[in-house]
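Spelled out from the first residue to the last, the chains are:
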Amino acid sequence: MGEMYIRVAEDENEEPMEIPSEDDGTVLLSSVAAQFPGACGLRYRSPVSQCMRGVRLVEGVLHAPESNWGNLVYVVNYPKDNKRKMEEMDAASAVKIKRGIQKTSDLIVLGLPWKTSEQDLKDYFGTFGEVIMVQVKRDPKSGNSKGFGFVRFADYETQVKVMSQRHMIDGRWCDCKLPNSKQGPDEPLRSRKVFVGRCTEDMTAEDLREFFMQYGEVTDVFIPKPFRAFAFVTFADDQVAQSLCGEDLIIKGVSVHISNAEPKHGNSRQMMERGRFGGVCFLCNSLQYFVFKTYIFAFCFEEEILNVVERFTQSGQHYCIE
DNA sequence: GTTGAGCGTT
């Protein structure tokens, strides 16, 4: 038969590449793999049945169908769950993220007027997007509203939008948040909050909010007092928060460093057991945590320390200095 | 029958 070339592509619609055959008309899998690393075989679309057919492979040698390769385009087979497949998966999920196609979750609606009904909720939230669930929590006996409820949207974009603002419902301001049951260690790498290090004292919460708005909806800015050269910024969308981690950004002419705000397993008990941060506070004589000098943790990005700092500053409790 | 920070009878 003599040496010839067969046309091979990664996809039926892509431009094929010519792969040399052997003198006996067969094609070595190694020849295919030389151009398509990781290839484990070939397939083609039968002109008769219009189905994909596999090419016979015996000990690394590909045999022509009908003893003739013809002018068909052969498509490369890759092993299941190999690198290429993984890349396709990544690409697919990346598209999902970019398009905002993400699983939604129930949002708790806090501050509802006693009179607000589920129909009221549906009518109100329906103006943001498709509502697929509403609930008003009531006392089973009396049927009286407990003043809070839940809502679930069809689209993640809608959820983000709704979480990013307050809501005037039947004359009261209400907040929509992720319920506690949906937070926590459910998805540890999905933090919506970032740590902003190297802050200067002239950076106000409003400065930070305005700056970070360019990346996405900002739902909270927290600056510890007294000044400690860091802040926490929370976004409505965890993807935004994650995308900023590791960045050095310029705010008011100074470079701040963004890193993750929440430890994967930042358990205060674990820290105490390690004996690194445990002890008795000389101020209150009963607290069990130490926080070191400002300049130490201000420039230290160890998640555990930051978590402790945040717990203290947010709870309004005093803290210990050495 | 009241109230106003919170966290969901299944």
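Overview of the structure. Note that the structure is a prediction, hence the values are computed from the model and not measured.

## A few points about the pairing of strand β1 (residues 5-9)
Then, in step 1: Sheet topology places β1 next to strand β2 (residues 17-20); 4 bridges connect them, and they run antiparallel. Of the residues in β2, the one forming a bridge with Tyr5 is Pro20.
Then, in step 2: With 3 bridges joining them, β1 and strand β8 (residues 73-77) adopt parallel strand pairing. Paired with Arg7 across the strands is Val73, a residue of β8.

## Quick look at the environment of Arg152
Then, in step 1: By secondary structure assignment, the location of Arg152 is in strand β11 (residues 145-153).
Then, in step 2: When the C-alpha positions of Arg152 and Ser105 are compared, they lie 6.2 Å apart, and in sequence the two are 47 residues distant.
Then, in step 3: Apart from residues lying up to four places away in sequence, Arg152 is in contact with Thr104, Ser105, Asp106, Glu130, Val131, Ile132 and Met133.
Then, in step 4: One polar contact links Arg152 to Asp106, side chain to side chain, over a distance of 2.7 Å.

## Digging into unusual backbone geometry
Then, in step 1: Residue Pro226 is bonded to the preceding Lys225 through a cis peptide linkage, with omega at 5°.
Then, in step 2: Here Pro226 lies in the loop between β15 (218-222) and β16 (230-235).
Then, in step 3: One non-glycine residue, Glu59, adopts positive backbone phi at about 50°.
Then, in step 4: Along the chain, the position of Glu59 falls in the loop between β6 (56-58) and β7 (61-63).
Then, in step 5: Unlike most non-glycine residues, Lys252 shows phi in positive territory, near 55°.
Then, in step 6: Within the secondary structure layout, Lys252 lies in the loop between β17 (248-251) and β18 (254-260).

## Some points on the protein's contact with DNA strand B
Then, in step 1: Around DNA strand B, the surrounding shell holds 18 residues, and the nearest of these are Asp106, Leu112, Lys137, Gly147 and Asn180.
Then, in step 2: Atoms of DNA strand B within 4 Å of the protein belong to the sugar or the phosphate in 16% of instances, the rest to bases.
Then, in step 3: At 2.5 Å, a backbone N or O of Leu112 approaches a base nitrogen of DNA strand B.
Then, in step 4: Secondary-structure elements contributing two or more residues to the surface near DNA strand B are β9 (107-110), β10 (131-138) and β11.
Then, in step 5: The element that contributes the greatest number of residues to the surface near DNA strand B is β11, accounting for 4 residues.
Then, in step 6: Residues of the surface near DNA strand B, tallied by class, amount to 8 nonpolar, 5 polar and 5 charged.

## Considering the sheet that holds β7
Then, in step 1: Pairing in this open sheet of 3 strands is antiparallel, and the strands run β3-β7-β6 from one edge to the other. Lying at the two open borders of the sheet, with one neighbouring strand each, are β3 (27-28) and β6.

## Some points on the side chain of Asn260
Then, in step 1: As for its placement among the helices and strands, Asn260 is situated in strand β18.
Then, in step 2: Judged by relative accessible area, which is 17%, Asn260 ranks as buried.
Then, in step 3: Among the polar contacts listed, one links the side chain of Asn260 to the side chain of Gln242, at a separation of 3.5 Å.

## Comments concerning the pattern of salt bridges
Then, in step 1: One pass over the structure, following the stated rule, counts 6 salt bridges.
Then, in step 2: Measuring nitrogen to oxygen at the nearest pair gives 2.8 Å for the salt bridge that ties Asp248 to Arg198. With Asp248 in strand β17 and Arg198 in the loop between β14 (193-197) and α5 (205-212), this pair connects stretches of sequence that are 50 residues apart.
Then, in step 3: One network of salt bridges, in which partners are shared, links Asp202, Asp207 and Lys252.

The rules behind each value
- Residues numbered from 1 in each chain as written.
- Chains lettered and ligands numbered in written order.
- Predicted model: local features only at pLDDT ≥ 70, side-chain atom pairs only at ≥ 80, totals over all residues.
- Heavy atoms only, no water.
- Pairing = 2+ DSSP bridges.
- Helix = DSSP H or I, 4+ residues; strand = E, 2+ residues; numbered from the N terminus.
- Contact = heavy atoms within 4.5 Å.
- Polar contact = N/O pair within 3.5 Å; in protein donor to acceptor, adjacent residues only side chain to side chain.
- Near = heavy atom within 4 Å.
- Nonpolar A, V, L, I, M, F, W, Y, C, P; charged D, E, K, R; others polar.
- Buried < 20%, exposed > 50% of the residue type's maximum accessible area, 1.4 Å probe, protein only.
- Salt bridge = Lys/Arg side-chain N within 4 Å of Asp/Glu carboxyl O.

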